[in-house]
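# Coordinate analysis (summary)
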Amino acid sequence: MLDYFAIFTKGGALLWTLQFTAALKHSPIDALNALVRGCLLEERASDAAFTYQPKTGAAQSLKWTFHNGLGLVFVAAYQRTLSLLYVDELLATVRDAFATEHYKPGGYDYSAFTRTFEATLKDCEARSDASRRAAAAPARAPAGAKGGQQRGGAGKSGGGAMAGAAQQSGDADDDADDAAAKPAAVGNGAGTPLGSSSSGDEDEGAANKSGGGFDISKLKAKSRKALGGPKGRSQVRRGTREEEEEKKRETASPDKKKKQNRHWNGGAGGGSADDLPRLDYSAATANGGASAGGAPPADAGASRMEDDEDDGAEWSDEEEDAAAGAGANGRGAGAAAAGPAKAKGVLGSFMSKLALRVAGSSALSREDLQPALEDMQRKLMERNVAEEIAVQVCESVAQSLVGQKLSSFTGVKTFVLRAFEDSLSGILNKRAVDVLHDVQRQRAKGRPYVVVFCGVNGVGKSTNLAKIAYWLGQHGLKVQLAACDTFRAGAVEQLKTHAMRLGVPLYERGYEKDPAKVAAEAIRVAERDGRDVVLVDTAGRMQDNEPLMRALSSLIHVNSPNLVLFVGEALVGNDAVDQLVKFNRALHDLAPSTATRGHMIDGIVLTKFDTIDDKVGAALSMVYASGAPVMFVGCGQTYVDLKKLNVKSVVRSLLS
Amino acid sequence: MEAALSAVKGLLPEAVKQQLQQAIDGGLVPRSAAQHVPPELLTPEGLVVALFTAFFGFILLLLVLGPRGKKRGSTVVLTGPPNSGKTTLFFQLKDGSLHNGVVASMGDNAATVALRPARGAPKTAQLLDVPGHHSARHHLEAVLKDAAAIVFLVDAVEVTPHRTEAADMLYEVLTHSAVHRSRTPLLIACNKMDLEMEAHSVDFIRKTLERQLDAMRKTRAASIGKDAGGGGGAALGPAERPFSFAALRSKVALAPAAAKTGSLEEVVAFIAANV
Ligand SMILES: Nc1nc2c(ncn2[C@@H]2O[C@H](COP(=O)(O)OP(=O)(O)O)[C@@H](O)[C@H]2O)c(=O)[nH]1
Ligand SMILES: [Mg+2]
């Protein structure tokens, strides 16, 4: 059964909500925020569902659909252990009913919609019940209609009641950060609501530890990993859906009696002042802030090196127009959109359609978009974006475009192109760890800042490690290298040459030792000698080599570095996804203890960027697959050939 | 041309003057030339001549600026990190109500709103609430070009844990070329002041942000990609002195706000004064 259902504008205004479970242990608002920030804004709308792991309680599945013409989002949430077969149908039906019969631009009271919703839900449940029974147990008497009726009745009886349980729990901040750290607690029980202060604290902690930047997409990636990766999960979903559903039905049905309907926005008068406190999730935020924010900041400050100056500066005209256009579509003022064109008779509808087409404002259908989308997908793949990712991104953009209206005199092609510009920039613009700033902080503690470099063979790990050493040295930092590639012959000597040229000390213990121990000793020596930064070179390894992946995981576990960089070459195509997904999964799953689990890839070093012309797709693939930003770009053979990623020029290359 | 421009400045209606000022600030015309009023303009004959030149100057200016010049500087952009209260502020100003509450924004909210400042005449302003999420950064850059004024919201409760993020975004706004060039007025609204026990003071927030921006100015200058030059640094004032908002060329003010409860006197006054 559903836990809650929400309708809101793309601008973020809640229009209508209905909550069924009284004893929800998390705030629905938190889950919705996590969905928006961790999935929909990360261009992952093509995923089948989003998993939200509350701090306590069972993991939730959230499914959604858009009405792009009106700029609306519809979300249904239910316990992940239940695989409800009717949710997609429910979402589509509810969307169409709401859009055509209820939506009023600028309206915020949709209490009348509750009846329609309940009827639709009942319908969908009954149909799914019936079809399942027909398929699974043809011998048994069909009782689907009965079950549906029962549910509908329960729903109505509780309508309008408002419990404080869910409202007390949780803040409105970002969340899901410990989705990976905690094993997914799966339970059906109706527990006591969470106290308001506890949920805020963990966020603060996380934000502090990571030096301020929180990256939801990474968290999303983590939770994906926890589920066995996107592929594994979808297989599970498809393969065992039916049986699972059959099993769960029994456990779920007793719940039906306990179920209560609750509005987040009360019965009627959605805009009245009385309603405000009910949606007040700020108390928790406030408490969290107070506990974490008591001490004034003692640190010096921040820098972000991925921030390309070019980015903030001049825009060419072409870009300017594109950006303005994208504003009108992708991230456009959806809330302000006008109602759908109503057809009047066949001829009338034909005529108006014609007229609208001339005026360029008819709602786009999937068919209208298809040619342009295919074009885009082909282009992305030509630019070396991994196929899997090109498909996902295209699907996600498509979902945000279907139903939108063309502004006058804009062709579909241009419209789609602008949406892609917006979407790709969105994917590539990530908040990165602030290395120089974090080094200073660490220095204040009297400890060296430790960076581990990992990646497959021959991608340029040591070379780019040396470039980064040079860059750090230029900013007056004392660097030490650690040769922990005890695997490949010649690796230590290679690093020794770099160390000599750079004039920095190298810690090495030859080849026979355990790399994790070498790193630990190197860090100890660095601390003794007052070095600021330790750069740890590791052996290249193929992502499928389990013993070596385990060793890497152990090295990271033992030494808890401040930064884990993945070095990948810009030449890589479809393998980029596999590499990143498997490295991340290994760091997560193969950690010797669950306590430190989850130090995954913080950033990407993209090498050999000078050799690829406009085939810059690996940048997109790697960022999308890992959720981590490209922090350094290696673009040549000398120590100074290290750059930040210029998002704008990458986007331009991808789409030109 | 120079005389024409200064004459235009004196004689044309407010809106046009603003455009001209932007053109000047935008580097189309040397500032010193435009600001210096030649003495011959003070005589009646001079005025007649100036009127003519002004007319042609204006035509020329329109040609130079193109149609985009008109659009520029018409919206008040609400920005700031996620969860700082932008959307709440938007609806509070637009409807005086928060309706059913908010969730994280995926897209803009735009509306023309009527403002009744405590002092002075009622005004209307075009508000634009832009999502704070990093994926909308590209879009933020684009809309800042057309900003008449910027309200940058900071969560007064969460300043300390989120200071890097807030300063990061503020850095982006302050060093944005159009914001810097046209000296777009900026108000840092310290929001959620209704939570009296938890919220930090405006002064604390000012100091926190100043300290953070000071450090960023240094590390950004040291950041990789030497080709970039010191454009960003210049926007943040002289490097030898510690960073302070007061030392900036553009007007940057801080004020308390509570979007949720609607105590927004200073925000309303700021917007009204800049549209
Ligand atoms: N106590 C309090 N909470 C606020 C205030 N303004 C916003 N909030 C809350 O902060 C959260 C985020 O608000 P929202 O407008 O979505 O922020 P945005 O992401 O910047 O648009 C919501 O839970 C609001 O209720 C305020 O002035 N006081
Ligand atoms: Mg918002």
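The name that an unreviewed UniProt entry assigns to chain B is Signal recognition particle receptor subunit beta, with the source organism given as Monoraphidium neglectum. Recorded in UniProt for chain B, the comment headed Subcellular location (unreviewed entry) runs: "Endoplasmic reticulum membrane".

As recorded in an unreviewed UniProt entry, chain A goes by Signal recognition particle receptor subunit alpha and comes from Monoraphidium neglectum. Looking at the Sequence similarities (unreviewed entry) heading of the UniProt record, one finds this comment for chain A: "Belongs to the GTP-binding SRP family." As its UniProt record puts it under Subcellular location (unreviewed entry), chain A is described as follows: "Endoplasmic reticulum membrane".

The next thing to look at is the UniProt feature "domain: SRP54-type proteins GTP-binding" (unreviewed entry) in chain A. Taking the UniProt record as the reference, the feature "domain: SRP54-type proteins GTP-binding" (unreviewed entry) is found at residues 629-642 of chain A. In residues 629-642 of chain A, helix accounts for 0% and strand for 43%; the two terminal C-alpha atoms are 15 Å from one another.

Residue and element names in this part refer to chain A. In this structure, Phe-420, Ile-468, Leu-472, Leu-535 and Phe-609 are the most contacted members of the largest nonpolar core, which totals 112 residues. Composition of this core by domain shows at least three residues from each of domain 2 (315-428) and domain 3 (435-651). Formed by 53 residues, the second largest nonpolar core is a distinct cluster that contains Leu-18, Phe-20, Ala-76 and Cys-124.

Quick look at the site of ligand 1 now. Close to ligand 1 lie 18 residues; Asn-83, Lys-86, Thr-87, Thr-88 and Asp-194 of chain B are nearest. Around ligand 1, the nearby residues trace back to chains A and B. Between ligand 1 and the protein, one listed contact pairs an oxygen atom with a backbone N or O atom of Gly-85 of chain B at 2.9 Å. Ala-259 of chain B places a main-chain nitrogen or oxygen 2.8 Å from an oxygen atom of ligand 1. Considering ligand 1 on its own, with 580 Å² of exposed area, one finds that the protein chains cover 95% of that surface.

Moving on to the confidence of the model for chain A. All names here are of chain A. Considering every residue of chain A, the mean pLDDT works out to 72; 65% of them sit at 70 or more. Throughout residues 141-263 the model reports pLDDT below 50, and contacts reaching past four residues in sequence, or to other chains, amount to 242 contacts. Scored below 50 in pLDDT, residues 265-345 makes 218 contacts in the model with residues more than four places away or belonging to other chains.

Our next topic: unusual backbone geometry. Residues and elements named next belong to chain A. Here the phi dihedral of Glu-43 falls at roughly 60°; this positive angle occurs in a residue that is not glycine. Along the chain, Glu-43 falls in the loop between helix 1 (28-38) and strand 3 (50-52). In the Ramachandran plot, Asn-384 falls in the positive-phi region, its phi being about 80° despite a non-glycine side chain. Secondary-structure assignment places Asn-384 in the loop between helix 13 (366-382) and helix 14 (387-401).

Moving on: the sheet that holds strand 4 (residues 60-67) of chain A. Two orientations exist for strands paired in a sheet by backbone hydrogen bonds: parallel and antiparallel. Residues and elements named next belong to chain A. Across the sheet, which stays open at both edges, the 5 strands sit in the order 2-1-5-4-3 with antiparallel pairing between neighbours. One side of each edge strand has no neighbouring strand; the edge strands of this open sheet are strand 2 (14-19) and strand 3. Neighbour to neighbour, the strand axes of the sheet diverge by 20° on average, direction disregarded. Here 3 bridges tie strand 3 to strand 4, and the two strands are oriented antiparallel to one another. By the bridge assignment, Thr-51 is partnered in strand 4 with Ser-61.

Attention shifts here to the pattern of salt bridges. Applying the stated criterion to the full structure yields 29 salt bridges over all chains. Between Glu-141 of chain B and Lys-648 of chain A there is a salt bridge, with the nearest N and O atoms lying 3.1 Å from each other. Of this pair, Glu-141 of chain B sits in helix 7 (residues 137-144) while Lys-648 of chain A sits in helix 23 (residues 647-655), on two different chains. Pair check on accessibility: Glu-141 of chain B and Lys-648 of chain A agree, each one buried. Among the salt bridges present, the one from Arg-206 of chain B reaches Asp-203 of chain B, with a minimum N-O distance of 3.8 Å. With a gap of 3 residues between them, Arg-206 of chain B and Asp-203 of chain B both fall in helix 10 (residues 202-222), about one helical turn apart. Each of Asp-375, Arg-378, Glu-382, Arg-383 and Asp-614 of chain A takes part in salt bridges that share partners, so that together they form one network.

Reference geometry at the metal: tetrahedral coordination by four donors gives ideal angles of 109.5 degrees; octahedral coordination by six donors gives 90 or 180 degrees. Residue and element names in this part refer to chain B. Binding of the magnesium ion (ligand 2) to the protein goes through Thr-87 (OG1) and Ser-105 (OG), at separations of 2.1 Å. Of this pair, Thr-87 sits in helix 6 (residues 86-95) while Ser-105 sits in the loop between helix 6 and strand 2 (109-115), and the two are 18 residues apart along the sequence. Each member of the pair, Thr-87 together with Ser-105, is buried.

To continue, consider the side chain of Thr-65 of chain A. Residue and element names in this part refer to chain A. Relative to the elements of secondary structure, Thr-65 occurs in strand 4. Within the local environment of Thr-65, its side chain forms a polar contact with the side chain of Arg-95, the two groups lying 2.8 Å apart. Other than its neighbours up to four places away in sequence, Thr-65 contacts Leu-72, Val-73, Phe-74, Leu-91 and Arg-95.

Quick look at helix 18 (residues 491-502) of chain A now. Residues and elements named next belong to chain A. Over its 12 residues, helix 18 runs 17 Å from end to end, which matches the ideal 16 Å to within 8%, given 1.5 Å per residue. Looking at helix 18, one finds that the buried residues are Ala-491, Val-492, Leu-495, His-498, Ala-499 and Leu-502. Seen along its axis, helix 18 keeps its buried residues to an arc of 125°; they face one direction. Among the exposed residues of helix 18, those pointing more than 90 degrees away from its buried face are Met-500 and Arg-501. As for helix 18, its buried residues are in contact with helix 17 (461-474), strand 7 (479-484), strand 8 (506-507) and strand 9 (533-538). Among the residues trailing helix 18, Gly-503 stands out with phi positive, at a value near 70°.

Right, let's get into the packing of aromatic side chains. All names here are of chain A. Per the stated rule, a full pass over the model turns up 16 aromatic pairs over all chains. Ring centres 6.5 Å apart and planes at 55° place the aromatic pair Phe-113 and Phe-117 in the tilted group. Here Phe-113 pairs with Phe-117, and both are found in helix 3 (residues 113-136), just 4 residues apart, close to one helical turn. On the basis of relative accessibility, which here comes to 0%, the residue Phe-117 falls in the buried class.

What follows is about the sheet that holds strand 1 (residues 75-79) of chain B. Residue and element names in this part refer to chain B. Spatial ordering of the open sheet is given by 2-3-1-4-5-6, a layout of 6 strands whose pairing is mixed. Two strands in the sheet have a free side with no partner beyond their single neighbour: strand 2 and strand 6 (252-256). Taken over all neighbouring pairs, the strand axes of this sheet differ in orientation by 25° on average, direction set aside. Here helix 6 sits on the sheet in contact with strand 1, strand 2, strand 3 (123-129) and strand 4 (147-155), set at roughly 45° to strand 2.

What follows concerns the packing of helix 20 (residues 546-559) of chain A against helix 21 (residues 575-589) of chain A. Between two packed helices, both the angle of their axes relative to each other and the distance between the axes serve to describe the pair. Residues and elements named next belong to chain A. Packing of helix 20 against helix 21 leaves a shortest axis separation of 8 Å and a crossing angle of 55°. It follows that helix 20 is oblique to helix 21 by the angle criterion. Crossing angle aside, the handedness with which helix 20 passes helix 21 is right-handed. Residues Met-549, Leu-552, Ser-553 and Ile-556 of helix 20 touch helix 21, and the partners they reach there are Lys-582, Phe-583, Ala-586 and Leu-587. Taken together, the residues of the contact of helix 20 with helix 21 sort by class into 6 nonpolar, 1 polar and 1 charged.

Right, let's talk about the packing of helix 17 of chain A against helix 18 of chain A for a bit. Residues and elements named next belong to chain A. Look at helix 17 against helix 18: their axes get within 10 Å of each other, and the N-to-C directions meet at 20°. Put simply, helix 17 runs roughly parallel to helix 18. Between helix 17 and helix 18 lies a crossing of right-handed hand. When helix 17 is examined against helix 18, the residues Ser-462, Thr-463, Leu-465, Ala-466, Ala-469 and Tyr-470 are found in contact with a partner set consisting of Gln-494, Leu-495, His-498 and Leu-502. Looking at the contact of helix 17 with helix 18 residue by residue, the classes come out as 6 nonpolar, 4 polar and no charged.

Cut-off values and rules
- Residues numbered from 1 in each chain as written.
- Chains lettered and ligands numbered in written order.
- Predicted model: local features only at pLDDT ≥ 70, side-chain atom pairs only at ≥ 80, totals over all residues.
- Heavy atoms only, no water.
- UniProt positions renumbered as here; feature names shortened; annotations may be inferred.
- Helix = DSSP H or I, 4+ residues; strand = E, 2+ residues; numbered from the N terminus.
- Core = buried A, V, L, I, M, F, W, Y, C linked by side-chain atoms within 4.5 Å.
- Buried < 20%, exposed > 50% of the residue type's maximum accessible area, 1.4 Å probe, protein only.
- Domains from an automatic or database assignment.
- Near = heavy atom within 4 Å.
- Polar contact = N/O pair within 3.5 Å; in protein donor to acceptor, adjacent residues only side chain to side chain.
- Areas by Shrake-Rupley, 256 points an atom, 1.4 Å probe, with all protein chains shown as cover.
- pLDDT = per-residue confidence, 0-100.
- Contact = heavy atoms within 4.5 Å.
- Pairing = 2+ DSSP bridges.
- Axes fitted to C-alpha atoms, helices over the stretch in contact; angles between N-to-C directions.
- Salt bridge = Lys/Arg side-chain N within 4 Å of Asp/Glu carboxyl O.
- Donors = N, O, S within 2.8 Å, 3.2 Å for Na, K, Ca; no water.
- Expected span 1.5 Å × (residues − 1).
- Arc of directions from axis to C-beta.
- Phe/Tyr/Trp six-rings, centres within 6.5 Å; stacked < 30°, edge-to-face > 60°.
- Parallel < 35°, antiparallel > 145°, perpendicular 65-115°, else oblique.
- Left-handed = near helix turned anticlockwise from the far one by under 90°.
- Nonpolar A, V, L, I, M, F, W, Y, C, P; charged D, E, K, R; others polar.

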